[in-house]
Amino acid sequence: MSIAVVTGAGRGIGRAIAERLATDGHQLLLVDVSEAVEETARELEGTAVRADITAADGMAAIVSAVRESGHGPAVLVNNAGITRDAILRRMTEADFRAVLRVNLGGPLALTRELAPLLQDGGAVVNISSRAQLGNVGQFNYGVSKGGVIGVTRAMALALAPRLRVNAVAPGFVETEMTRAMPSEVAQRVVRQIPLAEPGQPMDIANAVAWLASHEARYVTGQVLYSCGGRSFA
Ligand code: NAD
């Protein structure tokens, strides 16, 4: 039995990753702080764990759900993330810390707790962002996603040769997160994408699925940009 743990699976990119990993034959253990995860789990015939990845009781709930499944997971996808954008003058210490806590602290803590339980040959995929290269108003988010890459590389070294650890860095993807942006900002960003359209959640899910698969058995510590070419444009 091959189990995949996906955080932030209630909606958006996390939900698409869950769908794609189910197609690849994984049993799903789906984590989200939102109750939407119950619905996703019902539809994809997985197990829902309603948990906050930044809270001690949330972490304990995830670890005990993994233990109860009776199998070490083959895949962990650290996808849950938040934004709290603001212009520099309005970027508060609280907004800075909140984003780092979820986006960077979450993957670090969850991987620390689950790595010993993952099957030999297993894979961790962390969701970074093209925003780590710099985006207006994303001082906190950019730092957190750049940090995810640093953590990915350190984890890849720490957990080799037993586990592989890689990151996917999406560009602008159509989800609730980007629908919350002012439309003129969103349109400006889309105009900067060489492939001339926003990404879809399944574009990111496909990249994650490849890194999680045996086909990527010789790939660790890498960042795969799925951003329509915007990382170098
Ligand atoms: P989203 O807001 O639609 O979904 C994120 C999910 O994570 C939500 O269901 C939310 O409840 C969950 N979540 C948030 N905090 C949590 C916590 N503390 N514990 C457990 N669950 C939590 O976002 P999305 O667009 O699907 O983004 C998914 C990931 O991809 C994030 O890490 C995001 O930073 C990254 N990303 C998104 C884009 C984009 O354009 N949408 C681009 C680059 C990177």
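Before reading on, note that the structure itself is shown above.
Thresholds, definitions, all that
Residues numbered from 1 in each chain as written. Predicted model: local features only at pLDDT ≥ 70, side-chain atom pairs only at ≥ 80, totals over all residues. Heavy atoms only, no water. Pairing = 2+ DSSP bridges. Helix = DSSP H or I, 4+ residues; strand = E, 2+ residues; numbered from the N terminus. Axes fitted to C-alpha atoms, helices over the stretch in contact; angles between N-to-C directions. Contact = heavy atoms within 4.5 Å. Near = heavy atom within 4 Å. Polar contact = N/O pair within 3.5 Å; in protein donor to acceptor, adjacent residues only side chain to side chain. Areas by Shrake-Rupley, 256 points an atom, 1.4 Å probe, with all protein chains shown as cover. 1 Å grid on protein atoms, 1.4 Å probe; cavity = no way out; pocket = protein on both sides within 12 Å on 5 of 7 lines; lining within 4 Å. Points joined across faces, edges and corners; volume = space filled by probe spheres on them. Core = buried A, V, L, I, M, F, W, Y, C linked by side-chain atoms within 4.5 Å. Buried < 20%, exposed > 50% of the residue type's maximum accessible area, 1.4 Å probe, protein only.

A.B. asks: Looking at this structure, I do not really get the sheet that holds strand β6 (residues 164-170). What am I missing?
C.D. replies: Within a beta sheet, neighbouring strands are joined by backbone hydrogen bonds and run either parallel or antiparallel to one another. One open sheet accounts for seven strands, arranged β3-β2-β1-β4-β5-β6-β7; its pairing is parallel. Unpaired on one side and paired on the other, β3 (47-50) and β7 (223-226) mark the two borders of the sheet. The sheet shows a mean angle of 15 degrees between the axes of neighbouring strands, direction not considered. Across four bridges, strand β2 (residues 27-32) lies against β3 in parallel orientation. The residue bridging V31 from the neighbouring strand is V49, located in β3. On the sheet, helix α1 (residues 12-23) packs against β1 (3-7), β2, β4 (75-78) and β5 (123-127) and is oriented at approximately 170 degrees with respect to β1. Helix-sheet contacts for helix α8 (residues 201-212) involve β4, β5, β6 and β7, and the interaxial angle to β6 is about 165 degrees.

A.B. asks: Teacher, can you tell me more about the site of the ligand here?
C.D. replies: Around the ligand there are 28 residues in total, and D32, N79, Y141, V173 and T175 lie nearest to it. Between an oxygen atom of the ligand and a side-chain N or O atom of D32, the distance comes to 2.6 Å. Expressed as a share of its isolated accessible area of 830 Å², the protein-covered part of the ligand is 94%. At the level of secondary structure, the elements contributing two or more residues to the shell around the ligand comprise α1, α5 (139-159) and α6 (176-179).

A.B. asks: Before we go on, may I ask you to explain the layout of surface pockets in this structure?
C.D. replies: Where empty space is left becomes clear once a probe the size of a water molecule has been rolled over the atoms. The computed volume of the second largest pocket comes to approximately 240 Å³. As for the second largest pocket, its lining consists of 16 residues, and the residues nearest its centre are G121, G122, R164, A212 and H214.

A.B. asks: Could you clarify how one ought to interpret the environment of T111 in this entry?
C.D. replies: Turning to its location among the elements, T111 is positioned in helix α4 (residues 93-114). Taking the C-alpha atoms as reference, T111 lies 7.9 Å from V124; in sequence the two are 13 residues apart. Every residue in contact with T111, bar those within four places of it in the chain, is listed here: L76, N78, V124, N126, M155 and L159. A distance of 2.7 Å separates a polar atom in the side chain of T111 from the backbone oxygen of P107.

A.B. asks: Even after reading the chapter, I still don't get the nonpolar core, so can you show me in this structure?
C.D. replies: V5, L29, V31, V49, I62, L76 and L114 are the most contacted members of the largest nonpolar core, which totals 28 residues. Of all the elements in the fold, those that place two or more residues in this core are β1, β2, α3 (56-69), α4 and α5. Take this core: its biggest share by element is five residues, from α3. When sequence neighbours within four positions are dropped, the list of residues in contact with V49 reads L29, L30, V31, D32, V37, A61, I62 and A65. Counting 27 residues, the second largest nonpolar core, distinct from the first, contains L21, V77, A207 and A209.

Geometric values such as these leave the question of function open.
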